[in-house]
Amino acid sequence: KEKYAYEPVFLQAVQEVLQSLQPVLDKNKKYEQYKILERMVEPERSIAFRVEWVDDKGEVQVNRGYRVQYNSAIGPYKGGLRLHPSVNLGILKFLGFEQVFKNSLTGLAIGGGKGGSDFDPKGKSEMEVMRFCQAFMTELYRYIGATIDVPAGDIGVGGREVGFLFGQYKRLTKSYEGVLTGKNLLFGGSLARTEATGYGAVYFAQSMLEDHKEDLAGKICVVSGAGNVATYCCEKLLQIGAKPVTVSDSRGMIHDPDGIRLDMLKQVKEVERASLTRYAELVSSAKYTPVSDYPQGRNAVWSVPCFAAFPCATQNELNLADAETLLGNGCQCVAEGANMPSTLDAVHAFLKAGIAYGPAKAANAGGVATSQLEMAQNASMQSWSFETVDNKLKQIMTNIYKNAAATAVEFGQPGNLVMGANIAGFRKVADAMLAQGIC
Ligand code: NDP
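Starting from 1, residues in each chain are numbered consecutively following that chain's sequence as written. Local features in this predicted model are restricted to residues whose pLDDT is 70 or higher, and side-chain atom pairs enter the listing and the counts only when it is 80 or higher, whereas totals over whole chains, interfaces and linings include all residues.

Draft legend 1. Quick peek at the overall build of the chain. Regarding its fold elements, the chain presents 16 helices and 13 strands. Note that the radius of gyration is over C-alpha atoms, with the globule rule given as 2.2 Å times the number of residues to the power 0.38. At 21 Å, the chain has a C-alpha radius of gyration in line with the 22 Å of a compact globule built from 439 residues. Dimensions of the chain along its principal axes, counting C-alpha atoms only, are 60 × 55 × 45 Å. Each of the 439 residues in the chain was classed as buried or not, and the buried ones make up 53%. What counts as a contact is two residues whose backbone-derived C-beta atoms lie within 7 Å of each other. Partitioning the contacts of the chain with sequence separation of at least 6, the portion at a separation of at least 24 is 73%. A run of H or I in DSSP becomes a helix once it reaches four residues, and a run of E becomes a strand once it reaches two; helices and strands are each numbered from the N terminus. Exposure criterion: with C-beta atoms placed from backbone coordinates, a residue whose C-beta has 20 or more other C-beta atoms within 10 Å is buried, one with 12 or fewer is exposed, and one in between is partly exposed.

Listed below in structure tokens is the structure:
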């Protein structure tokens, strides 16, 4: 623990998993004998590199780039690239560690990895973003490949950035292969990949609620974030007749009691790439609250009374006080679209209350699962219809829920999807590591 004190979010992610694994370690002594846990918490390799590029003023800029290749026991490394000023090795290790379990839970043959840079895309011109992406790939291309390591998007990396990265990979390698997912439909992208994480979180919530004899139709929902995951979470909620009433970004939140206007959200975030203040200008029923007016140490999104909450922005955006407020207001369901959005004590509060709580590595696995479907289409040179991919996504989310729920029952804690997801994800990777031996 002391060794990683400077990587607090990594420690938090590991702690959350280790807390629930004891029963499975007791059941199979081989895991301890062959030090599976000690091996699993260490990435197979962490690559750090310099990214140098030239801005619009002709000045040289230097950023730090990373790729953490965490675990390849069950398939090639797979996981997104994050571009955000907060990025450091500890954050990418937390994300990579989570990714190993998540990818295992999908039931697909994908190992875990994560990467990114402390480059801040905000305020950069399109040409600057392009030059950065090209410089980043000029180093990263050495370590990735369609059957080695297949990155995708994450915070700050959407279709535009994936396109720039793919173009540079192709130039450097002369190879037209499915080395990235989340690509444009013109060059190997999959229909429904853009929507997959947000849609998947809603499908997961529906599966949980079915077992609680509830559903989302007609219910008020709160959503945080206003990026890829949040937008398509809102879209699916609207499609099934639920009412998302909030979205947020790093500067503030929108509360619209009439329901979020998806066309306006897409206009502001996908077309204009503007702040949510712009949304409030366009939609008269919407109220904008800046972060400076949030209650002390809290996220104002979680103070809006709701039936279900979908944290879709970033890690640790929902703390114990937020969880208690949600529960106090009668919230019955939390499905995590973001990675580790709830602090450990908030997670414990949800579990104690017995609500339908879907932890990130299960509830947001739809994105990576659909990325694997993109890899399958690329490998077989096919393009499936939106309905085909969406149906597969739905099936995968149902299976993840059933697997996590059944594992929780098997280990004596029905309804505890944290334990169920962690053990189910762990077992497959651990057994593959045992079978592959030690070198
Ligand atoms: P985007 O960059 O598209 O959107 C991120 C959103 O979260 C933006 O609205 C951003 O606001 C907001 N945000 C980011 N950091 C903060 C912060 N510190 N405080 C408040 N708001 C913040 O990213 P995605 O939607 O792709 O990712 C969101 C989450 O979902 C992340 O945790 C990611 O790891 C996870 N995830 C994403 C998947 C995907 O397929 N994209 C798959 C699985 C998980 P602003 O623009 O102002 O910074």
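Draft legend 2. Quick look at the site of the ligand. Taken together, 23 residues are adjacent to the ligand, and Gly227, Asp249, Ser250, Ala338 and Gly367 come closest. Amino acid classes used here: Ala, Val, Leu, Ile, Met, Phe, Trp, Tyr, Cys and Pro are nonpolar; Asp, Glu, Lys and Arg are charged; the rest, including Gly, are polar. Of the residues assigned to the shell around the ligand, the class counts are 7 nonpolar, 13 polar and 3 charged. Start and end points for every domain follow an automatic or database-based domain assignment. Shared between two domains, the shell around the ligand holds at least three residues of each, these being domain 1 (2-16 + 42-179) and domain 2 (194-363). A residue counts as near a molecule or strand when its C-beta atom, positioned from the backbone, falls within 6 Å of it.

Draft legend 3. A look at the domain arrangement of the chain. Looking at the chain, the domain boundaries give domain 1 (2-16 + 42-179) and domain 2 (194-363). On the domain 2 side, the residues contacting the 14 residues of domain 1 number 12 residues. Contributions of two or more residues to the side of domain 1 that touches domain 2 are made by helix H1 (8-27) and helix H4 (89-105). Of the residues forming the side of domain 1 that touches domain 2, the biggest block, 6 residues, is contributed by H4.

Draft legend 4. The sheet that holds strand S8 (residues 246-249), seen in detail. Two strands pair under a simple rule: DSSP has to find at least two bridges between them. Spatial ordering of the open sheet is given by S8-S9-S10, a layout of 3 strands whose pairing is antiparallel. Whereas interior strands pair on both sides, the edge strands pair on one side only; in this sheet they are S8 and strand S10 (287-290). Taken pair by pair, the neighbouring strands of this sheet meet at an average axis angle of 20°, ignoring direction. The sheet contact formed by strand S9 (residues 252-255) and S10 spans 4 bridges and is antiparallel. Within the sheet, the bridge partner assigned to His255 lies in S10 and is Lys287. Axis definition: a line fitted to C-alpha atoms, limited for helices to the stretch in contact. Angles are taken between N-to-C directions and run from 0 to 180 degrees.

Draft legend 5. Broad picture of the UniProt feature "binding site: NAD(+)" (unreviewed entry) in the chain. UniProt positions are given in the numbering used here, feature names are shortened, and annotations may be inferred rather than shown by experiment. Within the UniProt annotation, "binding site: NAD(+)" (unreviewed entry) is assigned to Thr197 and Asn228. Separation in sequence by 32 residues is not matched in space for these annotated residues, since their most distant C-alpha atoms are only 8.1 Å apart. Given 30 C-beta atoms within 10 Å, Thr197 falls into the buried group. If we ignore the near neighbours within four places in the chain, the residues touching Thr197 are Asn228, Val229, Tyr232, Gly337, Asn364, Gly366 and Gly367. For Asn228, the location among the structural elements is in helix H8 (residues 228-239).

Draft legend 6. Representation of the packing of helix H15 (residues 386-410) against helix H16 (residues 417-436) within the structure. Direction vectors running N to C along H15 and H16 enclose 100°, while the axes themselves pass 7 Å from each other. Taken together, the axis directions place H15 and H16 in an arrangement best described as roughly perpendicular. On the side of H15, the interface is formed by Asn403, Ala404, Ala405, Thr407 and Ala408, while H16 contributes Leu417, Met419, Gly420, Ala421, Ile423 and Ala424. Broken down by class, the residue content of the contact of H15 with H16 amounts to 8 nonpolar, 3 polar and no charged. Roughly parallel means an angle under 35 degrees; roughly antiparallel means over 145; roughly perpendicular covers 65 to 115; every other angle is labelled oblique.

Draft legend 7. Representation of the pairing of strand S3 (residues 77-83) within the structure. Among the 7 residues that make up S3, 7 are buried, leaving the element largely enclosed by the rest of the structure. Here 4 bridges tie S3 to strand S5 (residues 149-152), and the two strands are oriented parallel to one another. Bridging across to S5, Lys78 finds its partner in Val150. By convention a crossover is right-handed if, when the strands point away from the viewer, the path from the first strand over the helix to the second runs clockwise. Following the chain from S3 across H4 to the adjacent parallel strand S4 (residues 112-117), one finds a crossover that is right-handed.

Draft legend 8. A look at the sheet that holds strand S11 (residues 308-310). If you trace the 5 strands from one edge of the open sheet to the other, you get S7-S6-S11-S12-S13, paired in parallel fashion. Edge strands, defined here as strands with exactly one partner in the open sheet, are strand S7 (243-244) and strand S13 (356-358). Bridge analysis of strand S12 (residues 333-335) against S13 gives 3 bridges, and the strand direction is parallel. Its bridge partner lying in S13, Val334 is registered against Tyr357. Strand contacts of helix H7 (residues 193-211): S11, S12 and S13, with the helix running at about 145° to S12, the strand carrying the most contacts.

Draft legend 9. Looking closely at the pairing of strand S2 (residues 60-71). Two strands pair when backbone bridges link them, and strand S1 (residues 45-54) and S2 are joined in this way by 10 bridges, in the antiparallel orientation. Paired with Ser46 across the two strands is Val68, which belongs to S2. What sits between S1 and S2 in their antiparallel hairpin is a turn of 5 residues, with Gly58 showing a positive phi close to 85°. Note: S2 against S4, 6 bridges, orientation antiparallel. Within the sheet, the bridge partner assigned to Asn71 lies in S4 and is Gly112.

Draft legend 10. Broad picture of the environment of Val24. Mapping Val24 onto the fold places it in helix H1. Not counting chain neighbours up to four residues away, the residues in contact with Val24 comprise Phe411, Ile423, Phe426 and Arg427.

Draft legend 11. Here's a closer look at unusual backbone geometry. A positive phi angle, near 50°, is found at Lys35, a position not held by glycine. We classify Lys35 as exposed; it has 10 C-beta atoms within 10 Å. Here Met340, not a glycine, exhibits a phi torsion of approximately 50°, which is positive. The topology assignment puts Met340 in the loop between S12 and helix H12 (344-353). The buried category is assigned to Met340, around which 25 C-beta atoms lie within 10 Å.

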